[in-house]
Amino acid sequence: VAVASAEDYFELLKPRVMSLAIFTAIIGLLLAPGSLHPLLSVFSIIAIGAGAGAAGAINMWYDHDIDSIMDRTKFRPLPSGRVLPEEALSLGVILTLFSVLFLAIASNYMAAFFLLLSILFYVFIYTIWLKRKTSQNIVIGGAAGALPPVIGWYTVSQDFSVFPLILFLIIFLWTPPHFWALSLYRSSDYKKASIPMLPVIKGKKTTRLNIFIYSLTLILIAPSLWYLNLLGPIYGISSIVLSLLFIFYAWKVYKNIEGAAPRLFKYSILYLFLIFLIMPIDKFFEMVI
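A. Summary view of helix H7 (residues 137–145). With seven of nine residues buried, H7 lies mostly within the body of the structure. Residues of H7 that are buried: Asn 137, Ile 138, Val 139, Gly 141, Gly 142, Ala 143 and Ala 144. Contacts made by the buried residues of H7 are with helix H6 (109–130), helix H8 (148–156), helix H9 (162–185) and helix H12 (204–221).

B. Quick peek at the pattern of salt bridges. Taken as a whole and assessed by the stated rule, the structure comprises nine salt bridges. Between Arg 132 and Asp 63 there is a salt bridge whose closest N-O contact spans 3.0 Å. With a gap of 69 residues between them, Arg 132 in the loop between H6 and H7 and Asp 63 in the loop between helix H3 (38–62) and helix H4 (64–67) connect regions that are remote in the sequence. A relative accessible area of 28% means that Arg 132 is categorised as partly exposed.

C. Representation of unusual backbone geometry. Phi is positive for Lys 14, which is not a glycine, with a value near 50 degrees. Positionally, Lys 14 belongs in the loop between helix H1 (6–12) and helix H2 (15–31). In this structure Lys 14 comes out as buried when scored by relative accessible area, which is 13%. The residue Asn 256 is not glycine, and still its phi comes out positive at about 60 degrees.

What counts, and where the lines are drawn
Residues numbered from 1 in each chain as written. Predicted model: local features only at pLDDT ≥ 70, side-chain atom pairs only at ≥ 80, totals over all residues. Heavy atoms only, no water. Buried < 20%, exposed > 50% of the residue type's maximum accessible area, 1.4 Å probe, protein only. Helix = DSSP H or I, 4+ residues; strand = E, 2+ residues; numbered from the N terminus. Contact = heavy atoms within 4.5 Å. Salt bridge = Lys/Arg side-chain N within 4 Å of Asp/Glu carboxyl O.

What follows is the structure, encoded as structure tokens:
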């Protein structure tokens, strides 16, 4: 085993996934009614980030056998032998306990419960149960990735609201077309590792149709925060334009235009970032005006 560096251990936390969780959690926290002490807000976000990292580390531990087969993942710390599997598992378990307890102390038990739920869902429902068994793995498993804005919301407000539910639905419906676009041009990788992604099981034509159908749901759900008067016209108009662009890219994928799948994959990341970024901007302008 090669000597592991700090970067190797950080890579176990899946920093890209973790940064998305942190970003959407911050947005949820900013949008919720009420307030939390700035220092406690920072502590809460650190806890949520640590929780996302914990799920990533346990996922890397469980999947290191298939990661070593796939070109996309074979240079990760475990398949390349830079980190031992038991180290990854220990890091994941310790971070799980730390993140949940830390969030319970920094904010409240409700937020800590949702954080624990998201970690357990990602590990047991998605990684261990669904990922290797069904082509709907990414659809159901997407629930774990859709929880961070809900956790962020509940760090501030414990009242039930349709607002965090819509934040959840936006990410939940965004996840399948995002990952299926990737799996379209990486299908040989998944096939090699015997992972039943939709293109491998149902074929690329069915996958392209599913991408388009899921993309159409975004135009209904994303702007609903405006229709329901939860956010103003800045968000409303922006979300409609961004969602129509998403549908345009998805349509090109459906028509099997060359290079459309990688373009949709890249745009989907920008889409989610902008949709969530515009929410607090809209809220700020509504308050000022």
